[in-house]
Amino acid sequence: MSRKVVGTTIAVALMVLLFALDLTVVATALPTITSQFHGAALYGWVFSAYAIPVTATTLLYGRIADILGRRRLFVIVVLGFLGGSILCGLSQSMVQLVIFRAAQGIFAGAIFPLAIGIIADIYPLERRAQGFSIVPTAFALAAVLGPIAGGFLTDTVGWRWIFFLNIPVVVAALTIFLTTYAPAMRASSSGLPMGFGDLDFAGFGAFATAVVVFLLALSLGGHEVPWLSVPELLLVCVALAAGALFVWIERRAPLPLLPLRLLGHRGLGGALLAIFLLSVITNTMIVLIPSFAQGVLGLSARSAGVVLIPMMLSWALTANVAVRMGQRRGFRTVAVPGVVA
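Just so we're clear, the structure is a prediction, and the values are computed from it rather than from any experiment. (Residues numbered from 1 in each chain as written. Predicted model: local features only at pLDDT ≥ 70, side-chain atom pairs only at ≥ 80, totals over all residues. Heavy atoms only, no water.)

Undergrad: Tell me what's going on with the overall build of the protein, and back it up with residues and numbers.
TA: When its secondary structure is counted, the protein shows 16 helices and 0 strands. A compact globule built from 341 residues should have a C-alpha radius of gyration of about 20 Å, and the protein, at 20 Å, falls within 12% of that. Principal axes of the C-alpha set define a box for the protein whose edges measure 60 × 50 × 40 Å. The 341 residues of the protein split such that 42% are buried. (Helix = DSSP H or I, 4+ residues; strand = E, 2+ residues; numbered from the N terminus. Rg over C-alpha atoms; globule rule 2.2 N^0.38 Å. Buried < 20%, exposed > 50% of the residue type's maximum accessible area, 1.4 Å probe, protein only.)

Written as structure tokens, this is what we have:
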């Protein structure tokens, strides 16, 4: 493996790690933050403000990368993510923190699709699965480090350093990336869009509306408004309508954001659904277990992070083992017992 491939892999892994860390590192610090800002009512929004724009923009960034090129887009989103991190560290209220987390999420939505595309560029087909394994490894490492680092920093130098420590990591990742990554030639006749006018803005608008409104309904329901109230039911109806509109648009768009035929594939569609459901379970535990450990069990922020270590260490181990076993014996053979366990 060449030095350039290794360097680019390290740079991508660092950014995926930061992307995942910003999902988990706040978990153990948030009880302290809400206590300092007296903002318990906005507790869940510190997570939602980051996750909602990430979810809503991921599909769009995949197409923008085809237009700007992965190298240029990587630089833009990494610098934007860094700016959002600094603003989060400078927040003076829960409202500011939520807003700046949303700014972080807008740029973070590009990191995952860029990571996949860049790995596909630099690894040959027969080694691509090995390259892709850095993504679950980085997520697992972030899941282990995040709660512990968040708790340690909160108990020592203060929660703001959760965001300020992104600065040296981003600078290192960007420096390594710019010196090692050689972008692949952009397609000119393959049918990919080469201008912003070719983007499926209608599909993106419908998709973003469906995701944002649905997540708003989940966030507000049972807290700010009753589940069966008129505002809650209205949000659900708007989300369903926007989702239906997205499907209608994508079936007719010449260059859809999401080719729906992929979801209709028995193997791929089922795998994506299983991954989604498992992600709901794991992310819920990552977010809520530290809060339970501090608020109910009375543990410190640092100890609350330690509670997650057994699950995350097993996650990091099995992620790498599963990729290699799947290549040799078939991913279905590995996935079925894994999901049961």
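The discussion continues.
Undergrad: Any chance you could break down the packing of helix α1 (residues 3-37) against helix α4 (residues 94-108) for me, citing the residues and the numbers?
TA: The interhelical angle for the contact between α1 and α4, taken along N-to-C directions, is 175°, at an axis separation of 12 Å. Here α4 runs roughly antiparallel to α1, going by the angle between their axes. Residues F19, D22, V26, I33, T34 and F37 of α1 form the contact with α4, whose participating residues are M94, L97, R101, Q104 and A108. Per-class residue counts for the contact of α1 with α4 are 7 nonpolar, 2 polar and 2 charged. (Axes fitted to C-alpha atoms, helices over the stretch in contact; angles between N-to-C directions. Parallel < 35°, antiparallel > 145°, perpendicular 65-115°, else oblique. Contact = heavy atoms within 4.5 Å. Nonpolar A, V, L, I, M, F, W, Y, C, P; charged D, E, K, R; others polar.)

Undergrad: Provide a residue-level description of the packing of aromatic side chains, including the pertinent values.
TA: Geometry of an aromatic ring pair is reported as the spacing of the ring centres plus the angle between the planes. All chains considered together, the criterion is met by 7 aromatic pairs. The interplanar angle of 20° and the centroid separation of 4.9 Å between the aromatic rings of F177 and Y181 together place this pair among those described as stacked. Classification of F177 as buried rests on a relative accessible area of 0%. Between the aromatic rings of F207 and F246, the centroid separation amounts to 5.3 Å while the plane-to-plane angle is 50°, which identifies the pairing as tilted. Of this pair, F207 sits in helix α10 (residues 201-220) while F246 is found in helix α11 (residues 230-252), placing the two residues 39 residues apart along the sequence. The burial state of F207 is the same as that of F246; both residues are buried. (Phe/Tyr/Trp six-rings, centres within 6.5 Å; stacked < 30°, edge-to-face > 60°.)

Undergrad: Describe the pattern of salt bridges, with residues and values.
TA: Side chains that differ in sign of charge can pair as their charged atoms come close. With the rule as written, the count across this model stands at 3 salt bridges. The salt bridge partner of D22 is R101, with a shortest N-O separation of 3.8 Å. Residue D22 is found in helix α1, and its partner R101 is found in helix α4; the two are separated by 79 residues along the sequence. For the pair formed by D22 and R101, the shared burial category is buried. Its salt-bridge partner being D66, residue R63 comes within 3.7 Å of it at the nearest N-O pair. Linking R63 with D66, this pair stays in helix α2 (residues 45-68), spanning 3 residues, or about one helical turn. The buried category is assigned to R63, whose relative accessible area is 13%. For D66, a relative accessible area of 16% corresponds to the buried category. (Salt bridge = Lys/Arg side-chain N within 4 Å of Asp/Glu carboxyl O.)

Undergrad: Give a description of the packing of α1 against α2 that names residues and reports values.
TA: It is at 10 Å that the axes of α1 and α2 come closest, and there the two elements cross at 165°. With respect to α2, the axis of α1 lies roughly antiparallel. Remark: the crossing between α1 and α2 carries left-handed chirality. Of the residues in α2, those in contact with F19, D22, L23, V26, A27 and L30 of α1 are V46, F47, Y50 and V54. Broken down by class, the residue content of the contact of α1 with α2 amounts to 9 nonpolar, no polar and 1 charged. (Left-handed = near helix turned anticlockwise from the far one by under 90°.)

Undergrad: Can you tell me about the confidence of the model for the protein, naming the residues and giving the values?
TA: Chain-level pLDDT for the protein is 83 on average; 94% of the residues reach the 70-or-more range. Confidence, read as mean pLDDT per element, is least for helix α14 (residues 301-306) in the protein (70) and greatest for α11 (94). Scored below 50 in pLDDT, residues 185-190 makes 7 contacts in the model with residues more than four places away or belonging to other chains. (pLDDT = per-residue confidence, 0-100.)

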